[in-house]
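# Summary of the model geometry
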Amino acid sequence: MNCGGVLWYHSPCHKIAEDDNFFAFLDISPIAKGHTLVITKLQNDYIFDLPDELLGNMMIFAKKVAAGIKKAYPCNRIGVAVIGIDVPHNHIHLVPINGVGDLNFKADRLQLSQDEFKEIAANIAAAVEL
């Protein structure tokens, strides 16, 4: 799937939502079903180097995506992490969690089939209201 001009990020891509400035898609190595990444379309390595308005709007976009994740995959919270070490592009992780221990990036990752990724992406995309 073409990921809105961000094919350089990773492939395959399972799109969740997109607007003029941001793109949300499933993490290919998720720690939970629904683990989603939100990125800017502006190429930038470090999230805190973004212009203030873009950073604020990124969080608003992420909030809408998080609401869709929570609706599609009920949980106590959507955990948020900005790590920014493994990929040279700013991104926000949105992860369904029921407790603080669920946001563990050192834990074994889920092994999902392409059909499972497609189903998860479709469920979340249908629940996101931009």
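Below you will find a few notes about this structure. (Residues numbered from 1 in each chain as written. Predicted model: local features only at pLDDT ≥ 70, side-chain atom pairs only at ≥ 80, totals over all residues. Heavy atoms only, no water.)

## Concerning the overall build of the protein
A tally of helices and strands in the protein yields two helices and five strands. Reading the protein from its N terminus to its C terminus gives the helix and strand order β-β-β-α-β-β-α. Over its C-alpha trace the protein gives a radius of gyration of 14 Å, about what one expects of a compact globule, namely 14 Å for 130 residues. Taken across its 130 residues, the protein has 43% of its residues classed as buried. Taking the intrachain contacts of the protein between residues at least 6 apart in sequence as the baseline, contacts between residues at least 24 apart amount to 57%. For the protein, the accessible area works out to roughly 7100 Å², and carbon and sulfur atoms hold 52% of it. Measuring between centres, the 11 positive side-chain charges of the protein sit 7 Å from its 15 negative side-chain charges. (Helix = DSSP H or I, 4+ residues; strand = E, 2+ residues; numbered from the N terminus. Rg over C-alpha atoms; globule rule 2.2 N^0.38 Å. Buried < 20%, exposed > 50% of the residue type's maximum accessible area, 1.4 Å probe, protein only. Contact = heavy atoms within 4.5 Å. Areas by Shrake-Rupley, 256 points an atom, 1.4 Å probe, with all protein chains shown as cover. Lys, Arg positive; Asp, Glu negative; His and termini not counted. Charge placed at Lys NZ, Arg CZ, Asp CG, Glu CD.)

## Re the packing of aromatic side chains
Across all of its chains, the model carries three aromatic pairs by this definition. For the ring pair Phe22 and Phe61, a centre distance of 5.5 Å and an interplane angle of 35° mean the geometry is tilted. With Phe22 in strand 2 (residues 22–26) and Phe61 in helix 1 (residues 52–72), the pair connects residues that are 39 residues apart, well separated along the chain. For the pair shown, Phe22 and Phe61 are each scored as buried. On the numbers, 5.7 Å between centres and 80° between planes, the contact of Tyr46 with Phe48 is edge-to-face. (Phe/Tyr/Trp six-rings, centres within 6.5 Å; stacked < 30°, edge-to-face > 60°.)

Geometric descriptors of this kind do not, in isolation, establish any biological role.
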